[in-house]
Amino acid sequence: MTSTSSHKSASISWPAPAKLNLFLHVTGQRADGYHELQTLFQFIDHCDYLDFHITDTPDLVLHSNISDSVADSDNLILKAAKSLQRYAQYEGGAHIWLDKLLPMGGGLGGGSSDAATTLVALNALWKTNLSPSKLAEIGLTLGADVPVFINGLSAFAEGVGEKLITVEPTESWYLVIVPDVHVSTKDIFQDPDLPRNTPKVDINTLMTRKWTNDCQKLVTTRHPQVANALSWLVEYAPSRMTGTGACVFGEFTHSQQALDALAELPADMRGFVAKGMNKSPLQIRLEQL
Ligand SMILES: C[C@@](CO)(OP(=O)(O)O)[C@H](O)COP(=O)(O)OP(=O)(O)OC[C@H]1O[C@@H](n2ccc(N)nc2=O)[C@H](O)[C@@H]1O
Ligand SMILES: Nc1ncnc2c1ncn2[C@@H]1O[C@H](COP(=O)(O)OP(=O)(O)O)[C@@H](O)[C@H]1O
């Protein structure tokens with residue numbers, strides 16, 4: 001059930017941060033059609049926020065500012081809450097408030113992050129006490145990016161994104177541009193022009209190699225808005241796309257450099273400055289309980 005009510009519980013919000021794919025390689029395709037990836041995930045301090053009010057009755061109710069664009073039956077927050085309730089055979093429920101601040105479908109992983117925050121927060125509030133690895137297993141059924149958000153640490157990922165090794169890339173400052181276009185992950189992975197056989201890289205070479213995104217060429221060819229954003233951004237910093245797009249990010253050493261570039265952003269582009277974080281804001285919130 002969705003309500004557009006603006007009423008919020010008094011509890012302190014739980015963050016659901018965005019991620020960047022600092023690089024993204026497509027290394028193969030599985031028999032079920034899914035693609036094998038190698039990627040480097042880092043969180044940024046730009047988040048959605050969720051509030052939870054637990055109830056004795058089993059209803060799960062979502063109050064959100066995206067109820068017009070995402071139906072309840074599709075919303076990963078309700079799917080996550082239902083999965084946990086079912087797995088743990090929990091008899092109560094929850095009212096959940098979502099303050100959606102992250103752009104949707106931009107390769108920042110907001111939907112997966114909302115799902116991860118729901119699993120982590122309700123596991124704590126319902127006292128269902130599932131281990132992080134069990135939560136990640138439940139999360140993986142909702143989206144390939146959910147496990148890294150549950151794990152809460154920057155990671156080199158393989159498989160479809162579920163095999164995680166913790167790494168600590170530099171916590172740079174990023175100028176993220178949000179092109180005004182929706183890129184369908186499914187369409188990109190179905191396109192015959194997507195390169196699918198990048199040789200696997202060795203974890204020991206990660207930090208010294210040039211970071212690239214195998215989906216970028218295809219997405220910029222299909223979507224001039226993404227190409228325009230990148231050609232503007234590369235004048236200021238090393239830049240590339242996150243996930244299957246559409247967002248692109250430039251990497252800066254100091255916040256002021258990123259803010260100076262943001263101040264020059266053409267009027268027809270939208271963007272924000274964020275800090276890379278190797279420990280996610282969700283993990284930090286959890287440790288404060
Ligand atoms: C590419 C990545 C990298 O972080 O990010 P996003 O750009 O979505 O954030 C993710 O792995 C996205 O994973 P996930 O969020 O589960 O993808 P979905 O939107 O569910 O995938 C839509 C469709 O894309 C295809 N797909 C997705 C992931 C993958 N490794 N191989 C695929 O072939 C499948 O056909 C799937 O049905
Ligand atoms: N809570 C949610 N927040 C955002 N998108 C959601 C949510 N639940 C389901 N979705 C669906 O997931 C799609 C992908 O969302 P998102 O995770 O923001 O992008 P991406 O996978 O490109 O990083 C959205 O277009 C939307 O249809």
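Every chain is numbered on its own, with residues counted from 1 as its sequence reads. Note on labels: chains are lettered from A, ligands numbered from 1, in written order. Since the coordinates come from a predicted model, pLDDT governs what is reported: local features require at least 70, and pairs of side-chain atoms require 80 or more to be given and counted, while whole-chain, interface and lining totals use all residues.

A. Looking closely at the overall build of the chain. Where helices and strands are cited, they refer to DSSP runs of H or I of at least four residues and of E of at least two residues respectively, numbered from the N terminus. The secondary structure content of the chain amounts to nine helices and 11 strands. Over its C-alpha atoms, taken along the principal directions, the chain stretches across nearly 55 × 45 × 35 Å. Pairs at least 24 apart in sequence give 74% of the contacts found in the chain among residues at least 6 apart. In this description, a residue-residue contact is defined by the distance between C-beta atoms placed from the backbone, which must lie within 7 Å.

B. Layout of the site of ligand 1. Around ligand 1, the surrounding shell holds 19 residues, and the nearest of these are His-35, Gly-107, Ala-144, Phe-189 and Gly-243. Contributions of two or more residues to the shell around ligand 1 are made by β3 (35-55) and α5 (185-190). For the shell around ligand 1, the class distribution of residues is five nonpolar, 12 polar and two charged. Source of the domain bounds: an automatic or database domain assignment. Each of domain 1 (2-167) and domain 2 (173-277) contributes no fewer than three residues to the shell around ligand 1. Each residue receives a C-beta atom placed from its backbone. It is near a molecule or strand if this atom lies within 6 Å of it. Residues were grouped as follows: Ala, Val, Leu, Ile, Met, Phe, Trp, Tyr, Cys and Pro as nonpolar; Asp, Glu, Lys and Arg as charged; and all remaining residues, including Gly, as polar.

C. Broad picture of the UniProt feature "domain: GHMP kinase N-terminal" (unreviewed entry) in the chain. According to UniProt, the positions carrying the feature "domain: GHMP kinase N-terminal" (unreviewed entry) are residues 75-152. This span, residues 75-152, is 56% helix and 9% strand, and a straight line between its end C-alpha atoms measures 22 Å. UniProt positions are given in the numbering used here, feature names are shortened, and annotations may be inferred rather than shown by experiment.

D. Structural context of the domain arrangement of the chain. Split into domains, the chain comes out as domain 1 (2-167) and domain 2 (173-277). Computed over C-alpha atoms only, the centres of domain 1 and domain 2 are separated by 23 Å. Counting residues at the interface gives 27 residues for domain 1, matched by 32 residues for domain 2. Going through the elements one at a time, β2 (14-29) and β3 are the ones with two or more residues in the side of domain 1 that touches domain 2. Looking at the side of domain 1 that touches domain 2 residue by residue, the class counts come to 13 nonpolar, 13 polar and one charged.

E. Quick peek at the packing of helix α1 (residues 76-88) against helix α2 (residues 110-125). Axis geometry follows a simple rule: fit a line to the C-alpha atoms, using only the stretch in contact for helices, then measure angles between N-to-C directions, giving values from 0 to 180 degrees. Remark: α1 packs on α2, axes separated minimally by 8 Å, with the N-to-C direction vectors making an angle of 35 degrees. Every pair of crossing elements has a handedness; the one defined by α1 and α2 is right-handed. Across the interface between the two elements, Leu-76, Ile-77, Lys-79, Ala-80, Ala-81 and Leu-84 from α1 touch Gly-111, Ser-112, Asp-114, Ala-115, Thr-118, Leu-119, Leu-122 and Asn-123 from α2. For the contact of α1 with α2, a count of residues per class yields eight nonpolar, four polar and two charged. By the definition used in this description, the sense in which the near helix is turned from the far one sets the handedness, with an anticlockwise turn below a right angle giving left-handed and a clockwise turn giving right-handed.

F. View of the pairing of β3. Alignment of β2 against β3, held across 14 bridges, turns out to be antiparallel. By the bridge assignment, Gln-29 is partnered in β3 with His-35. Strand pairing is defined by DSSP finding a minimum of two bridges between the two strands. Connecting β2 to the antiparallel partner β3 that follows it, the hairpin turn spans five residues, and Gly-33 within it adopts a positive phi of roughly 95 degrees. Pairing geometry for β3 and strand β11 (residues 271-277), over two bridges, is antiparallel. Residue pairing across strands places Ile-44 opposite Gly-276, the latter belonging to β11. Bridge count for β3 against strand β5 (residues 93-99) is seven bridges, and the pairing is antiparallel.

G. Structural context of the site of ligand 2. Lining the immediate environment of ligand 2, one finds 17 residues, of which Leu-76, Gly-105, Gly-110, Gly-111 and Asp-114 sit closest. When contributions to the shell around ligand 2 are tallied by element, the ones reaching two or more residues are α1 and α2. The element that contributes the greatest number of residues to the shell around ligand 2 is α2, accounting for four residues.

H. View of the pairing of β11. As paired strands, strand β8 (residues 173-177) and β11 are joined by five bridges and run antiparallel to one another. Among the inter-strand pairings, Ile-177 is bridged to a residue of β11, identified as Gly-271.

I. Region of interest: the UniProt feature "active site" (unreviewed entry) in the chain. Feature annotation in UniProt assigns "active site" (unreviewed entry) to the following positions: Lys-19 and Asp-145. Sequence-wise these annotated residues cover 127 residues; spatially they are packed, their C-alpha atoms never more than 9.2 Å apart. Relative to the elements of secondary structure, Lys-19 occurs in strand β2. Neighbour density around each residue's C-beta defines its exposure: 20 or more other C-beta atoms within 10 Å make it buried, 12 or fewer make it exposed, and counts between make it partly exposed, where C-beta atoms are placed from the backbone. A count of 25 C-beta atoms within 10 Å places Lys-19 in the buried class.

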